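So the chains spell out like this:
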Amino acid sequence: MEQSYLNDWVFNFNSYTEQWAAIPRETYSEYWNDYTTAGVFRSKNLNTLLELLHKAKGNSDKLEHIINGEGAE
């Protein structure tokens, strides 16, 4: 299974909130300066983030649609 799209994402665990963050590589630096950086997805479960990224093939716009219940179109 091709998963090279995961190379464009960085994962970080915040021990205070006990949440994982999936951070697009292009906004990685911004994330450390602003926790509310757009395009960062969070979950208590890393596998949830991986599953969503797989469904969206790493595309953050598609991922946003999936999370909002609009499908991956």
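Above this text you will find the structure in question.
What comes next is a walk through the structure. None of these values were measured; they are calculated from a predicted model.

Structural notes on the overall build of the protein chain
Scanning the protein chain for helices and strands turns up 3 helices and 3 strands. Secondary structure of the protein chain in N-to-C order comes out as β-β-α-β-α-α. A compact globule built from 73 residues should have a C-alpha radius of gyration of about 11 Å, and the protein chain, at 12 Å, falls within 12% of that. Each principal axis of the C-alpha distribution contributes one length, and for the protein chain these read about 30 × 20 × 20 Å. Considering the protein chain as a whole, with its 73 residues, one finds that 30% of them fall into the buried category.

Some words on empty space enclosed by the protein
Counted according to the given criterion, the structure contains 1 cavity of 30 Å³ or more. Counted as a void, the largest cavity has a volume near 30 Å³. Forming the boundary of the largest cavity are N12, N14, T17, Q19, W20, A21, Y31, Y35 and R42. Per-element accounting of the lining of the largest cavity gives the leading share, 3 residues, to strand β2 (residues 19-24). For the lining of the largest cavity, the class distribution of residues is 4 nonpolar, 4 polar and 1 charged.

Thoughts on the environment of E64
In this fold, E64 is placed in helix α3 (residues 60-67). Since its relative accessible area comes to 37%, E64 is described here as partly exposed. Separated by 52 residues in the primary sequence, E64 and N12 place their C-alpha atoms 19 Å from one another.

So, a negative patch on the surface
On the surface, D8, E26, E30 and D34 cluster together into a patch of negative charge. By the secondary structure assignment, E26 is in the loop between β2 and α1 (28-33).

Reading guide: rules and limits
- Residues numbered from 1 in each chain as written.
- Predicted model: local features only at pLDDT ≥ 70, side-chain atom pairs only at ≥ 80, totals over all residues.
- Heavy atoms only, no water.
- Helix = DSSP H or I, 4+ residues; strand = E, 2+ residues; numbered from the N terminus.
- Rg over C-alpha atoms; globule rule 2.2 N^0.38 Å.
- Buried < 20%, exposed > 50% of the residue type's maximum accessible area, 1.4 Å probe, protein only.
- 1 Å grid on protein atoms, 1.4 Å probe; cavity = no way out; pocket = protein on both sides within 12 Å on 5 of 7 lines; lining within 4 Å.
- Points joined across faces, edges and corners; volume = space filled by probe spheres on them.
- Nonpolar A, V, L, I, M, F, W, Y, C, P; charged D, E, K, R; others polar.
- Patch = residues over 30% accessible without salt bridge, like charges linked within 9 Å, V, L, I, M, F, W, Y side chains within 5 Å.
- Areas by Shrake-Rupley, 256 points an atom, 1.4 Å probe, with all protein chains shown as cover.
- Salt bridge = Lys/Arg side-chain N within 4 Å of Asp/Glu carboxyl O.
- Lys, Arg positive; Asp, Glu negative; His and termini not counted.
- Charge placed at Lys NZ, Arg CZ, Asp CG, Glu CD.

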